[in-house]
Amino acid sequence: MSSTISDPAVDATPADARDERFLEVTDLVKTYPGAPSPALNGVSFAMPKGSFLVLLGPSGCGKTTTMRSIVGLETPDSGTIRVGDRVMYDDTTNVPVHRRAMGMVFQSYAIWPHRTVAQNVAFPLKVQKVARGEVTRRVDEALELVGLGHLGRRSASALSGGQMQRVALARSIVMRPDLLLLDEPLSNLDASLRDRLRIELKRLQQELGITSVYVTHDQSEALAMADRVAVMFGGVIHQFASPRELYEAPATLEVAEFLGKSNMLEGDAVAGAGSTEFGSEGGIRLTSTTGWHGTGPAIARIRVEDVDLHASAEGRVNEYPARVLVAVYEGSQMAYLVETGSGAQIEVVAQRRTSDFRAGDEVHISVDPEHVRLYAAPVDGAGTTAEPTA
Ligand SMILES: Nc1ncnc2c1ncn2[C@@H]1O[C@H](COP(=O)(O)OP(=O)(O)OP(=O)(O)O)[C@@H](O)[C@H]1O
Ligand SMILES: [Mg+2]
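Bear in mind the structure is a predicted one, so any value in this text is a computation, not a measurement.

Engineer: Looking at this structure, how should I read the layout of surface pockets?
Structural biologist: Any empty space left between the atoms is revealed when a probe the size of a water molecule rolls over them. In this model, the largest pocket occupies a volume close to 630 Å³. Around the largest pocket, the lining comprises 18 residues; the ones closest to its centre are Val-97, Met-102, Gly-103, Met-104 and Pro-124. Breaking the lining of the largest pocket down by element, the ones donating at least two residues are strand E6 (102–105), helix H4 (117–127) and helix H6 (161–173). Here the lining of the largest pocket is composed, by residue class, of 13 nonpolar, four polar and one charged. Reported here for the second largest pocket is a volume of approximately 230 Å³. Forming the boundary of the second largest pocket are 14 residues, of which Ala-118, Gln-119, Thr-136, Val-139 and Asp-140 lie nearest the centre. Breaking the lining of the second largest pocket down by element, the ones donating at least two residues are H4 and helix H5 (132–145). For the lining of the second largest pocket, the leading source of residues is H5, giving six residues.

Engineer: Help me understand the nonpolar core in this model?
Structural biologist: Soluble globular proteins: nonpolar side chains tend toward being buried together. The biggest cluster of nonpolar side chains holds 47 residues, and the ones touching the most others in it are Val-121, Val-139, Ile-173 and Tyr-214. Elements represented by at least two residues in this core include exactly strand E3 (52–56), H4, H5, H6, strand E7 (179–183), helix H7 (191–208), helix H8 (219–225) and strand E9 (228–233). Of all the elements, H6 adds the most residues to this core, at six residues. If we skip the residues at most four places from it in the chain, Ile-173 touches Ala-142, Leu-145, Val-146, Leu-180, Leu-204, Leu-208 and Ile-210.

Engineer: Which parts of the structure should I look at to understand H4?
Structural biologist: The periodicity of an α-helix, 3.6 residues per turn, causes residues three or four positions apart to be oriented the same way. Of all the positions in H4, only Val-117, Asn-120, Val-121, Ala-122, Pro-124 and Leu-125 are classed as buried. Next to the buried residues of H4 lie H5 and H6. Immediately beyond the C-terminal end of H4, within one or two residues, lies Lys-129, with a positive phi of roughly 55 degrees.

Engineer: Would you take a moment to explain the side chain of Ser-275 for this structure?
Structural biologist: With respect to the secondary-structure elements, Ser-275 resides in the loop between strand E11 (262–271) and strand E12 (276–280). We classify Ser-275 as buried; its relative accessible area is 16%.

Engineer: Looking at this model, I keep getting lost on the sheet that holds strand E19 (residues 345–351). Mind explaining?
Structural biologist: Strand pairing in a sheet relies on backbone hydrogen bonds. The paired strands run either parallel or antiparallel. Taken together, the five strands give an open sheet; going across it, the order is E16-E20-E17-E18-E19, and neighbouring strands pair in antiparallel fashion. Each having just a single partner strand, strand E16 (307–310) and E19 make up the two edges of the open sheet. Each neighbouring strand pair of the sheet contributes to a mean axis angle of 45 degrees, computed without reference to strand direction. Here five bridges tie strand E17 (residues 319–329) to strand E20 (residues 362–367), and the two strands are oriented antiparallel to one another. In the strand pairing of E20, Arg-323 is matched with Glu-362.

Engineer: Just checking my understanding: could you explain the site of ligand 1 for this structure?
Structural biologist: Neighbouring ligand 1 are Tyr-32, Ala-39, Pro-58, Ser-59, Gly-60, Cys-61, Gly-62, Lys-63, Thr-64, Thr-65 and Glu-184. One of the side-chain N or O atoms of Thr-65 is found 2.5 Å from an oxygen atom in ligand 1. In isolation ligand 1 exposes 640 Å². Once the protein is present, 56% of that is buried. The class makeup of the residues in the shell around ligand 1 is four nonpolar, five polar and two charged.

Engineer: Is there a simple way to think about the pairing of strand E21 (residues 373–376) in this case?
Structural biologist: Consecutive side chains along a regular strand alternate between the two faces of the sheet. Where strand E14 (residues 290–291) meets E21, two bridges bridge the pair, whose relative direction is parallel. Its bridge partner lying in E21, Gly-291 is registered against Leu-374. Bridge analysis of strand E15 (residues 296–303) against E21 gives four bridges, and the strand direction is antiparallel. Bridge assignment links Ala-298 to a residue of E21, and that residue is Ala-376.

Rules and cut-offs
Residues numbered from 1 in each chain as written. Chains lettered and ligands numbered in written order. Predicted model: local features only at pLDDT ≥ 70, side-chain atom pairs only at ≥ 80, totals over all residues. Heavy atoms only, no water. 1 Å grid on protein atoms, 1.4 Å probe; cavity = no way out; pocket = protein on both sides within 12 Å on 5 of 7 lines; lining within 4 Å. Points joined across faces, edges and corners; volume = space filled by probe spheres on them. Helix = DSSP H or I, 4+ residues; strand = E, 2+ residues; numbered from the N terminus. Nonpolar A, V, L, I, M, F, W, Y, C, P; charged D, E, K, R; others polar. Core = buried A, V, L, I, M, F, W, Y, C linked by side-chain atoms within 4.5 Å. Buried < 20%, exposed > 50% of the residue type's maximum accessible area, 1.4 Å probe, protein only. Contact = heavy atoms within 4.5 Å. Pairing = 2+ DSSP bridges. Axes fitted to C-alpha atoms, helices over the stretch in contact; angles between N-to-C directions. Near = heavy atom within 4 Å. Polar contact = N/O pair within 3.5 Å; in protein donor to acceptor, adjacent residues only side chain to side chain. Areas by Shrake-Rupley, 256 points an atom, 1.4 Å probe, with all protein chains shown as cover.

Dropping the structure here:
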């Protein structure tokens with residue numbers, strides 16, 4: 001009896017719990033040789049089987065390094081990477097790329113132009129010495145899935161960018177990977193094709209139920225495709241959340257500035273009972289009920305679509321008279337720049353159907369305290385204290 005329990009081949013974790021944390025990355029650190037700071041500085045996250053995670057963040061934040069570490073093209077300094085019940089990397093294990101059962105699609109298609117579409121897609125199966133009949137069947141199936149069923153015999157050099165990207169996608173799914181890693185696969189395509197392929201990719205991912213990690217620095221792409229988004233800055237995940245949570249409640253100032261369009265007001269906060277009073281340098285006083293509940297230098301973030309414009313004053317909370325400086329017609333919406341009496345300039349976006357002000361109009365702005373999100377101001381000159389002289 002005890003021999004069964006202590007058998008090292010038996011994973012005691014129930015399958016359901018394992019599926020919840022199907023891909024688990026823990027404390028990943030990676031410093032490139034000669035680099036002054038780590039590219040990854042303690043990256044941890046876990047995602048359920050079949051889900052779609054987007055890694056989002058500015059250029060150089062470590063998205064590609066995270067992906068290459070997961071797939072095995074990069075060796076981390078430390079940390080662990082686990083998929084299902086297999087440890088891919090830890091301080092004693094480093095499973096080689098070809099044995100990780102992962103598919104990866106890069107920004108550049110990496111297609112062989114002198115081979116046919118079918119030969120390109122068949123390549124990973126040939127490497128694995130899959131029988132010929134099976135190769136044909138699976139290549140046809142993968143090409144069918146990406147909508148290229150009719151192009152198998154064509155030379156890969158005679159394809160459009162969008163078609164090449166589909167070939168790359170077919171090649172990544174032909175092995176039926178446990179995990180699909182996509183690093184900005186659509187960024188080389190024009191906008192309309194990107195929109196279409198984005199939807200197709202999402203459909204394909206759902207149909208096949210492949211657990212996928214997708215990298216982008218395009219926030220609308222991230223919000224549209226993801227079940228969960230991990231937002232990275234400087235090798236660290238600042239927030240791991242659903243698209244809605246991320247947009248509505250950014251955990252850090254960096255996330256708030258990166259996502260959507262906001263007014264950022266600098267000033268001072270005084271915590272009260274249940275709410276915080278904020279006074280901006282521009283002389284605006286606001287009541288806030290979200291974000292930082294503290295006293296001291298603060299930054300208030302107000303999304304442009306959360307500022308309400310009114311023709312008359314009604315004594316609302318956080319209401320100020322203002323004048324419209326600029327009114328821009330944007331089709332479905334109007335974008336305004338308004339100035340309060342104290343000289344603070346605020347950007348506003350409103351639905352066109354409910355808002356029709358012109359430059360020069362006297363208006364009243366108001367913001368619900370729930371939409372005034374406070375952050376403690378970053379400490380000036382942090383990390384730049386004077387070096388002691390020798
Ligand atoms: N092979 C390398 N050697 C040295 N430094 C590297 C190497 N690859 C990446 N870096 C550095 O590591 C950091 C993270 O790079 P990474 O490519 O992971 O960023 P990224 O988020 O994918 O950026 P992008 O959006 O531009 O693709 C950057 O500072 C980058 O300059
Ligand atoms: Mg990259």
